[in-house]
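Notes for the structure review
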Amino acid sequence: MKKAQRPVQGLIYEGGRPREGEILTRRPLPLWDRLRWLLLLAVIWLLLVFTVMGDNPLIGFLDACRIEARVGWWVFVLAGLEVVHQVHLLICEHSAAYNQFWLNKVWGGLERTNHRRFSDWTRFRLGRVFFWVLLVVVVAIVTGKIIHSPPALALASLPGIIWHEIPFVLQIAFYLFFVVAQFALLFWFLSRGGVDVYYPDDIKTRFSDVWGQDHVLERVKENIIFLENPEVVEDRGGYVPGGILLWGPPGTGKTLMAEAVAGETGKPYVFVDPGAFINMFFGVGVLKVKGLFRKLRKLALRYGGVIVFFDEADSLGNRGMVTQGGGAPGGGRGTATPAFSRAGCHGFSYLSADTQWMLAREAMASGLAEPAEPEAGRSKQIIGAGMNGGGMGGGMGTLQALLAELSGLKKPRGFVNRVIRRALGMRPKPPPKYRILVMMATNMPSALDEALLRPGRIDRIYKVGYPSKAGRIRTYEGYFAKVQHELTEEQIDKLATITPYATGATIKDLVNEALITAIRDGRDVITWPDVLKAKQLKELGPPEDVEYIERERHAVAIHEACHALVAYRTRQHMEIDIATIEKGSDYLGMVASVKPEDQFTRWRSEYQADILVSLASLAGERMFFDSDSSSGVSSDLEQATTVASYMEGFWGMGTTVSSYSSARRLEVGSPGGGGRPGGEDSSMRARHALADRIEDNLSSLLGLTETILRDNERHVLALAHALETHKTLSGEDVTAVFEHQRGPLVNGAPYGDDEFIAQLRAYHHAAAHAHREHSQPQLPLPVAAPAWAIGGVIADGYGSPAIGSSNGDGSGSGPTVYGQPPSPAPSPPDGSPDGRA
Amino acid sequence: MTNKAFRPTRGLVGGLVPLLVVILSSVGLSACGAPQYTYVADSAAGTYYKVPYGWHQISQQSLDQALAAAGGSGAGIWSTAFDAESDPSASHFLAGNVTEPFVFAEVGQLSSTVSNELSYNMLRDFMLPVTSSTREQEDEDGFPLTDFKSLRDETITASLGVHGVRETFQYTYPGGISDTFDEDVLTNADQTIVYFLMVHCTNACYAQNENDINTIMTSFTVGSPT
């Protein structure tokens, strides 16, 4: 037969096993396989003959054979059956029709009937019964031979024999105990624990208990359909996804979601402890994995499905970089390298495969990631954390065992199935389809082994991220529904707005803290100020209770007021959340802003506003303290410089377009560098050029900041006064000061009065003078008039008439008694009067 | 095209298998016939003998009755009997005119008195009077058999201290029919157990079956083959 039409290099492989479906006859058996059972029976029979000869010294071999031929007839019966069996196989090997008849009609028919009549669980139990019956029969025959009595009688006398032999057995067991049992017990005990099984009624959690993650929940619900009714997919030629990875920041409800899945389906829920596979001895982890999956298979048969949940799956570890491989770009499946993590609006999908690969390789080789956005600090911990994490837990083959169990060979299981059926020439039954839904949760997906995440093991990867605003509102509503509160829908909406990265866990904590705050004040009902106080406590920690000296307090207040003012005037994309001059562990004061809505793109104007806010402290200190400035601006300048650098060199938000990142890596120089590509000079010039552009940009923005501050000098003094008076202000209070309105804590009306502003100015001059002289300010901190005094209206504490009357020029109705005269100020001697005290 | 990969390798095992099959088949075929002898054993006492396969074993109940009728007691004694007659009967035990050999064997415990006094002559006279003094004594007591004629008087020494006698003799029954008795009477080294085997039938019968009877008598084994 001519095979090769074209010249072939190397040897041609002409063998190869045909596929099962192509072979109609049975595969020929080797001679040994044909005869081995007959030989075994012959050996058994000879043993019986020798036993007869041993029993009576007079009996010769031939007579023993003749005697045994009468007594041991069953050996000949078995041999006869085996001969018939072998003849059957021989025909199967030569006649396709005969073989197909047996395969499809007889065994196939039996199999079909079996499947139709019995469930997987019933067949499993029947298999066990058959196994035990067989065992008992064999034991009976063997015992009968030993004690020379019929098998049935031997079986009846077996308990007696065992009872009689117990002392001897115990003696042996006693010897063995110290040798073997201690190891066995040790391993047994070590392989226990870490796995908890919850049966359907144990779990009360439902999908309705999971708030704020509706988009993920919808996807997860789909898996319930598959678990309940796998035929939906399988009948159409697909397969049921068997694994889900939920990843995301801590506290976002991953565990709760897995629990809800178990609660909804009514299947057993097996919770695998993160520490379950940390083992002291080699092999214990493997034993645990095998034991776990044995249990899972059994539960799956018994209940028609089972859910196993690996919490903190990163504890399973990984096998290091080698197995992670480069892979094709975009193949990261949610745990991509940095190059893919912040791929803007398109990712790399619009590029050709070659380009994607090149960019990916370079990104990994250089270790350069696109810079994380400064304000998104709390969300940057997940992606691109490197691939060498984890690896601490598991180890010693545990992970490999887990991988093999998750998608190993679908091997036949059970003694009867593997041995008896094979001995009878029947194929072992394939294992039933175990419905095991594997769920894993982690906040470090990059620490997972790549092999664990491949389709077939973990088919679906869902990010359980920070809840959207709607999700947070739903979560707040859920937790507030459990306590008494006076919050309106608007306030809950506001709360969701000012807690942009809140998770289920932090929301629960915040509500609880608010409740504790209320209880501390002797109330049962949570009010809005309780919530704000709890939020401040949670975000800033307890204040250090350090009192600034007066002039320093004023300086810090001016510093923070400048930040807040510029933020208020320029940063439209964020709202001031809190402004404080209370000293914390690593700051003197702070102005924190939050995004009012979920926004996923960042713009040049926003970055520019961020720089203005950062530079406000330097500009303000120079302006208010006669060109003097403190080192407290260092971190502000660092932030401003960083953002400006990225704007100029990376984001195309400066005067040039090209990316400094690429220019540096490819040594092509930088616009304005003037040098030819390559060489130290060009690189230096490029850097100089870039630094100059950054400095120019910052300088012009500093000038702009000064202008803003100069135009708003009275507002800065007003907010500084409010900060000095109250130390910590919420965003609403800051707005109240600037807009001369009523805030939750501060009444901003007095700050609209020029006379009061004049007092503040005088106080500032006194403080600035004290700053220069390193002395005490000559003037005390002015005190704003109480709310009831403004406009002559007795307000209820939050009365709008007071706000309405303060029109900024102090000409509202009623006497304008703002503050106290500078000299006879009845301020407390400690110099920190509180207008509301 | 046949794929050689599917062919089993014909190695040492492959070569030995046909040979084994031939041997086992021949052994199997030869086992198809009936055994030559019936092998009798008292495993507890380690006593063995064999009789031709066609001879019939007397049921234990009949034998016990026959022993009781003869004045003996079956209690604590292992006993067997075979009859070559086509119509086997326990009554042939000590009966005259038995035309086919009758085999009787027993193993019994001796009392301490007998054990102390046991001699070869006592063994010779174990079942029937053989020594002259006993015969005279029995004659006086009216023993019915007469015309004693000794054909063989041998002492036997076997392993493990087993010893005894083999006696072959003839007696004439009152009807004038003469029987030949062949006896093996053995005792162990401690002389606490007596092992007894006897075959008897008419003289003509004995002469006719002498070979078989001799095989039976020599097969009588205590502990190990003699």
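Please read all numbers here as calculations on a predicted model, not as lab measurements.

Scoring rules and cut-offs
Residues numbered from 1 in each chain as written. Chains lettered and ligands numbered in written order. Predicted model: local features only at pLDDT ≥ 70, side-chain atom pairs only at ≥ 80, totals over all residues. Helix = DSSP H or I, 4+ residues; strand = E, 2+ residues; numbered from the N terminus. Contact = placed C-beta atoms within 7 Å. Pairing = 2+ DSSP bridges. pLDDT = per-residue confidence, 0-100. Buried ≥ 20, exposed ≤ 12 C-beta atoms within 10 Å, placed from the backbone. Axes fitted to C-alpha atoms, helices over the stretch in contact; angles between N-to-C directions.

1. Notes on the overall build of chain A
Helix and strand counts for chain A stand at 28 helices and 9 strands. Partitioning the intrachain contacts of chain A with sequence separation of at least 6 by distance along the chain shows that 70% fall at a separation of at least 24.

2. Let's talk about the pairing of strand E4 (residues 78-83) of chain B
All names here are of chain B. Where strand E3 (residues 56-57) lies against E4, 2 bridges are found, and the strand directions are antiparallel. Looking at the pairing, His 56 lines up with Asp 83 of E4. Pairing geometry for E4 and strand E5 (residues 102-109), over 6 bridges, is antiparallel. Across the sheet, Thr 80 pairs through a bridge with Ala 105, a residue of E5.

3. Some details on the confidence of the model for chain B
On average, residues of chain B carry a pLDDT of 84, and 84% of them reach 70 or more. Predicted as a complex, the structure gets a pTM of 0.48 and an ipTM equal to 0.82.

4. Structural notes on the confidence of the model for chain A
Fine structural detail should not be taken from predicted coordinates in areas where pLDDT scores are low. Taken as a whole, chain A shows an average pLDDT of 76; of its residues, 78% reach a score of 70 or greater. Every residue in residues 366-394 of chain A scores below 50 in pLDDT, and together they form 55 contacts with partners more than four places removed in sequence or on other chains.

5. Details of the environment of Phe82(B)
With respect to the secondary-structure elements, Phe82(B) resides in strand E4. Taking the C-alpha atoms as reference points, Phe82(B) and Val51(B), 31 residues apart in sequence, are found 7.8 Å from one another.

6. Looking at the environment of Thr475(A)
Residues and elements named next belong to chain A. Relative to the elements of secondary structure, Thr 475 occurs in helix H16 (residues 469-480). Assessed through the 25 C-beta atoms surrounding it within 10 Å, Thr 475 is described here as buried. For Thr 475, the contacting residues outside a window of four places in its chain are Trp 211, Gly 212, Pro 467, Gly 504 and Ile 507.

7. Some thoughts on the sheet that holds strand E1 (residues 37-42) of chain B
By definition, the strands of a sheet pair up through backbone hydrogen bonds, in either a parallel or an antiparallel sense. All names here are of chain B. Reading across the sheet, the 3 strands line up as E1-E2-E10 and stay open at both edges, with antiparallel pairing between neighbours. With partners counted over all chains shown, the strands left at the sheet margins are E1 and strand E10 (221-222), one partner each. Relative to E10, strand E2 (residues 47-52) runs antiparallel, the two sharing 2 bridges. Its bridge partner lying in E10, Thr 47 is registered against Val 222. Helix H7 (residues 210-219) contacts E2 and E10 of the sheet and is inclined by roughly 165° relative to E2.

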